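Overview (structure and organization)
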Amino acid sequence: MSEQAPHPALLIPGPIEFDDEVLKAMSHYSESHVGMPFVNTFGETLSMLRKLFQTSDPNSQPFVLSGSGTLGWDQVAANLAEPGDEVLVLHTGYFADSFADCFETYGVKATQLKAPIGDRPQQDEVEKALKEKNYKMITITHTDTSTGVLSEIEGIAKLVHKVSPDTLIVVDGVCSVGCEEIKFDEWGLDCVITASQKAIGCPAGLSIVMTSARGIERFRARKVPPGSYFASWKNWLPIMQNYEAKKPSYFATPSPQLIHALHTSLTQILSRPLDERFKVHKEVSQKIKKAITDMGLKQLASKPENQANGMTAIYLPEGMTPPEILPTLMKKGVVFAGGLHKEIAGKYVRFGHMGVSVTDPKRDDIDRAIKALKEGLTEVGYKAPNGSS
Ligand SMILES: Cc1ncc(COP(=O)(O)O)c(C=O)c1O
């Protein structure tokens, strides 16, 4: 049983439910951010991130900065691109628009390759786009949290290495790191950004980034300094390297309590084989998707290979809107999110299934949510088509 105050299960696609131990780690007494106990904790946290991203290259570089996932976009745009550079942004929903907007803020020219809602750009389209221009970087949203569309990172990375080997491969893994497989070294990725509050299972407030040796070389070879102060790796690189070498240093004050929470959640995640973690997320996701199909409902991501394992975006029955069903679900003890994709936001809801709600056998969040959705839809007047239950 959780020691937390009773509350509806938070099943939005981040933030997610916390493990008690992660929350308790936050109530650590105050300590100096340059004292050895905290420096050791931060250093171990960075080393554990290497394992989570499956990199053993000592020259790849983790960064953990105070901020949300959005700060990862700023770190990429400010440090890995220069004003006037061309970048190719693969679009699978809302978050590609925002990443592109972030690039433009730094004077970087973002070209978006868009797929129809619920789909992802196809390999031949990506290949054609890569041959049209000399792109400094390609970005891929691993799971787009607005659509639940999963991108196929390994295949795209292979293609980029073949067709445009100098193009840096950057992955927005804010909604995937911790619940979808990412093999940073094996797939030859250059930068993966994420945040603390989704499948990693921490409170929001940390921007987490892994960069390859090649990414760091590109950063060092910049012609102009980064156009950001707080997000500049010129400021953070020596600090991260010092922390991992267990040496105190300072650029800006970190959040010791959040780092303790991240240390605890990473220790928990890494205490079991990662493959097992990805497998259980997949199995639970399939169960949810089957239940939704059985209710006669459709997903935004219509093809099985496009469907994320940490969330599901579900079209509501014709004519029904999120404000009609979300309060009913809340009364039944589960919180889902409304739609986010600008063109269809009023037509669907999002069900997040990441972290302890999926991995902790003592919790019944997922079964309760499926039951609540089924009963809730009936209560607000939905009749499943014949043959659906
Ligand atoms: C795929 C993706 N990228 C980036 C972000 C931005 O992260 P944050 O809201 O933590 O700033 C989000 C947030 O949900 C996201 O889902």
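Residues numbered from 1 in each chain as written. Predicted model: local features only at pLDDT ≥ 70, side-chain atom pairs only at ≥ 80, totals over all residues. Heavy atoms only, no water.

Of regular secondary structure, the protein possesses 13 helices and 14 strands. Relative to the globule expectation of 21 Å for 389 residues, the C-alpha radius of gyration of the protein, 21 Å, shows essentially globular dimensions. In the protein, which comprises 389 residues, the proportion classed as buried is 59%. Here the analysis covers contacts within the protein between residues at least 6 apart in sequence; of these, 71% occur between residues at least 24 apart. Only carbon and sulfur atoms are counted for the fraction: they give 54% of the accessible area of the protein, which is about 16100 Å². Here the protein carries 42 positive and 46 negative side-chain charges, and the mean point of each set is 1 Å from the other. (Helix = DSSP H or I, 4+ residues; strand = E, 2+ residues; numbered from the N terminus. Rg over C-alpha atoms; globule rule 2.2 N^0.38 Å. Buried < 20%, exposed > 50% of the residue type's maximum accessible area, 1.4 Å probe, protein only. Contact = heavy atoms within 4.5 Å. Areas by Shrake-Rupley, 256 points an atom, 1.4 Å probe, with all protein chains shown as cover. Lys, Arg positive; Asp, Glu negative; His and termini not counted. Charge placed at Lys NZ, Arg CZ, Asp CG, Glu CD.)

Turning our eyes to something else, we now look at the sheet that holds strand 8 (residues 168–172). Spatially, the seven strands line up as an open sheet ordered 2-10-9-8-5-3-4, and their pairing is mixed. Single-partner strands in this sheet number two, and they are strand 2 (61–66) and strand 4 (109–114). Here the average twist between neighbouring strands, direction ignored, is 20 degrees. Two elements, strand 3 (residues 86–91) and strand 4, share six bridges in a ladder whose sense is parallel. (Pairing = 2+ DSSP bridges. Axes fitted to C-alpha atoms, helices over the stretch in contact; angles between N-to-C directions.)

On to unusual backbone geometry. For the bond from glycine 14 to proline 15, the omega torsion is -5 degrees, close enough to zero to count as cis. Structurally, the position occupied by proline 15 is in the loop between strand 1 (9–10) and helix 1 (20–26). A positive phi angle is found at glutamine 54, which is not glycine, with a value near 55 degrees. Turning to its location among the elements, glutamine 54 is positioned in the loop between helix 2 (36–52) and strand 2.

Before going further, it helps to examine the sheet that holds strand 13 (residues 337–338). Read across the open sheet, the three strands follow the order 11-14-13; overall the sheet is antiparallel. The open sheet terminates on both sides in strands that have one partner only, identified here as strand 11 (311–315) and strand 13. Along the sheet, helix 10 (residues 274–294) contacts strand 11 and strand 14 (348–352); its crossing angle with strand 11, the most-contacted strand, is approximately 10 degrees.

A few words now on the pairing of strand 14. Here strand 14 lies mainly inside the structure; five of its five residues are buried. Every second residue of strand 14 is oriented toward a common face, with Tyr348, Arg350 and Gly352 on one face and Val349 and Phe351 on the other, all of them buried. For strand 11 and strand 14, the ladder comprises five bridges, and the chain directions are antiparallel. Counted as the bridge partner of isoleucine 314 is valine 349 from strand 14.

This next bit is on the domain arrangement of the protein. Along its sequence, the protein is carved into domain 1 (9–16 + 273–379) and domain 2 (20–270). Here the C-alpha centroids of domain 1 and domain 2 sit 26 Å apart. Surface buried jointly by domain 1 and domain 2 totals about 2500 Å² across both partners, of which 59% is contributed by carbon and sulfur atoms. When residues of domain 1 are sorted by the area they lose upon contact with domain 2, Leu274, Phe278 and Asn306 head the list and together hold 23% of the total. At the junction of domain 1 with domain 2, the criterion picks out two salt bridges. Across the pair aspartate 119 and lysine 303 runs a salt bridge whose closest N-O atoms are separated by 2.9 Å. Remark: the boundary between domain 1 and domain 2 carries 14 residue pairs in polar contact (both at pLDDT 80 or more). Elements supplying a minimum of two residues to the side of domain 1 that touches domain 2: helix 10, strand 11 and strand 14. Here the residues of the side of domain 1 that touches domain 2 sort into 15 nonpolar, nine polar and seven charged. (Domains from an automatic or database assignment. Buried area = accessible area lost by both parts, 1.4 Å probe. Salt bridge = Lys/Arg side-chain N within 4 Å of Asp/Glu carboxyl O. Polar contact = N/O pair within 3.5 Å; in protein donor to acceptor, adjacent residues only side chain to side chain. Nonpolar A, V, L, I, M, F, W, Y, C, P; charged D, E, K, R; others polar.)

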